[in-house]
Amino acid sequence: MIEVRNLVKRYGSHLAVDHLSFVVEKGQIYGFLGPNGAGKSTTMNIMTGYLGATEGEVLVNGHDMLKEPEEAKRLIGYLPEIPPLYTDMTVWEYLAFAAELKKVKRAEIPGQVEQVMEMVKLGDVQHRLIRNLSKGYKQRVGLAQAVLGFPEIIILDEPTVGLDPKQIIEIRQLIRELAKKHTVILSSHILAEVREVCDHVMIISKGKLVASDTPDHLERLIEGEETLELEVKGSRRQVESILQGIPGVGELRLHEQRDGLIGVQIQVTDHREIREELFYALAENKCPLYRMQISKATLEDVFLELTQNENEDVQGGSTEDRSGTESLEEEASHEGDL
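Let us now look at the overall build of the chain. Looking only at helices and strands, the chain features 12 helices and 14 strands. Classification of the 338 residues of the chain by burial places 46% in the buried group. With an accessible surface of roughly 17,200 Å², the chain has 47% of that area assigned to carbon and sulfur atoms.

Let us now look at the sheet that holds strand β5 (residues 63-64). Within a sheet, neighbouring strands are paired by backbone hydrogen bonds and run either parallel or antiparallel to one another. Reading across the sheet, the four strands line up as β2-β1-β4-β5 and stay open at both edges, with antiparallel pairing between neighbours. Of all strands in the sheet, those bounded by a partner on one side alone are β2 (14-24) and β5. Summarising the sheet, strand β1 (residues 2-11) and strand β4 (residues 55-60) pair through five bridges and their orientation is antiparallel. Looking at β4, one finds that Val 4 is bridged to Val 58. In the packing of helix α1 (residues 40-47) onto the sheet, the strands contacted are β1, β2 and β4, and the crossing angle to β1 comes to about 120°.

Right, let's talk about the pairing of strand β7 (residues 153-157) for a bit. Across the five residues of β7, five count as buried, placing the element largely inside the fold. Side chains Ile 153, Ile 155 and Asp 157 project from β7 onto one buried face, and the interleaved Ile 154 and Leu 156 project onto a second face that is buried too. For strand β6 (residues 76-79) and β7, the ladder comprises four bridges, and the chain directions are parallel. Residue pairing in the sheet places Ile 76 in a bridge with Ile 153 of β7. You can see the chain leave β7, run along helix α6 (residues 165-178) and come back into strand β8 (residues 183-187), and the turn it takes is right-handed.

What follows covers the packing of helix α5 (residues 135-147) against α6. Put simply, α5 and α6 touch, their axes get as near as 11 Å, and they point 10° apart. In terms of axis orientation, α5 runs roughly parallel to α6. Within the contact between the two elements, α5 uses Gly 136, Arg 140, Leu 143 and Val 147 and α6 uses Gln 167, Glu 170, Ile 171, Leu 174 and Leu 178. Class assignment for the residues of the contact of α5 with α6 results in five nonpolar, two polar and two charged.

In this model, the chain carries an average pLDDT of 85, and 87% of its residues clear a pLDDT of 70 or more. When mean pLDDT is compared element by element in the chain, helix α3 (residues 91-101) scores highest at 96, while helix α12 (residues 319-334) scores lowest at 42. In this model residues 311-338 is a low-confidence stretch, pLDDT under 50, and it forms 36 contacts with partners more than four residues away in sequence or in other chains.

Our next topic: the nonpolar core. If you look at the biggest cluster of nonpolar residues, it comprises 47 residues, and the most contacted ones within it are Val 91, Leu 95, Leu 122 and Val 141. Among the elements that take part in this core, α3 stands out by supplying six residues, more than any other. Contacts of Leu 122, omitting those with residues within four sequence positions, involve Val 91, Leu 95, Met 117, Tyr 137, Arg 140, Val 141 and Ala 144. With 29 residues, the next largest nonpolar core counts Val 4, Tyr 11, Phe 32 and Ile 185 among its residues.

As a further point, take the environment of Ser 295. Mapped onto the elements of the fold, Ser 295 is located in strand β14 (residues 289-295). Owing to a relative accessible area of 27%, Ser 295 belongs among the partly exposed residues under this scheme. For the pair Ser 295 and Gln 267, spaced 28 residues apart in the sequence, the C-alpha separation amounts to 9.8 Å.

Here the focus is unusual backbone geometry. Notably, Lys 206 is not glycine yet its phi reads approximately 55°, a positive angle. Among the structural elements, Lys 206 can be located in the loop between β9 (200-205) and β10 (208-213). Relative accessible area serves as the criterion here: at 41%, Lys 206 is assigned to the partly exposed category. Unlike most non-glycine residues, Lys 286 shows phi in positive territory, near 55°. Among the structural elements, Lys 286 can be located in the loop between α10 (275-284) and β14.

Okay, the packing of α3 against α5 next. Between α3 and α5, whose axes approach to 9 Å, the crossing angle comes to 25°. It follows from the interaxial angle that α3 and α5 lie roughly parallel. The hand of the α3/α5 crossing is right-handed. Contact residues: Val 91, Tyr 94, Leu 95 and Ala 98 in α3; Val 141, Ala 144 and Gln 145 in α5. Looking at the contact of α3 with α5, its residues break down into six nonpolar, one polar and no charged.

Calculation criteria
Residues numbered from 1 in each chain as written. Predicted model: local features only at pLDDT ≥ 70, side-chain atom pairs only at ≥ 80, totals over all residues. Heavy atoms only, no water. Helix = DSSP H or I, 4+ residues; strand = E, 2+ residues; numbered from the N terminus. Buried < 20%, exposed > 50% of the residue type's maximum accessible area, 1.4 Å probe, protein only. Areas by Shrake-Rupley, 256 points an atom, 1.4 Å probe, with all protein chains shown as cover. Pairing = 2+ DSSP bridges. Contact = heavy atoms within 4.5 Å. Axes fitted to C-alpha atoms, helices over the stretch in contact; angles between N-to-C directions. Right-handed = clockwise from strand over helix to strand, strands pointing away. Parallel < 35°, antiparallel > 145°, perpendicular 65-115°, else oblique. Nonpolar A, V, L, I, M, F, W, Y, C, P; charged D, E, K, R; others polar. pLDDT = per-residue confidence, 0-100. Core = buried A, V, L, I, M, F, W, Y, C linked by side-chain atoms within 4.5 Å. Left-handed = near helix turned anticlockwise from the far one by under 90°.

Below you can see the structure in the form of structure tokens.
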């Protein structure tokens, strides 16, 4: 569907995208993650043809974005982080104009606009000026223009940024509906959103792809990912002695709690299943088990693990360096507005 090969983007001495390569398969929702300034928006702008690459190429269904831009762009609908809206137009006027820009046949424009407005629930505001709409409705209008022409690929840059919880839920539902007929790529800073919505996650750090897999597999990347948390009644020495005799129990952390309970954290080795054996061992020694819970690495843990060096670099850099990177990212995100 989309193949990104050895992509490089430089702004003077700043390397925003560093030899980035990946493939997007048909019919999935991809999440694009990375810290601010990691190169997400720049990469998306290059993928959609709104920004030129310094090196490398982007192929969309075999069409080179540089050499065959019209054929490649026809397959992509794009919603930048700040929707490219003409606020003096009504919703209907804007969508009809956007459809014309996308070279939808004139006779098909009214029908497509009606269909897209129904899809994103804009019917009640179709005759209102865009400048008078709430942020949530403006985001819907931006999403509607991305869907016009019914391209095979929909790319969304921070589609829920600045929305209230109700609006976020509605946009997520729209994304799931779109995924039934389109391949969707979205960037987000909300990791829970990516975990809930996306089939595949790509994490970028310093312009490089540092991880690409399903959310479940990424959460298993961190060594020693599984921790067992217990609350047991008994003496600290007795509980420690019992647990140390069970195969699969690694590092132990014990701390006394109120009411004679001992809190325990067990690092489980080799992904062994020890809960049943642990339960019977404690029961046999008359140490009642009050709570047992598995704690696993989350997508947030994976994200922080893979991007921690970048965060340290940003914190250690000068204010000038940080603002320069942010302005370059902002420049890239606005370069291709309608």
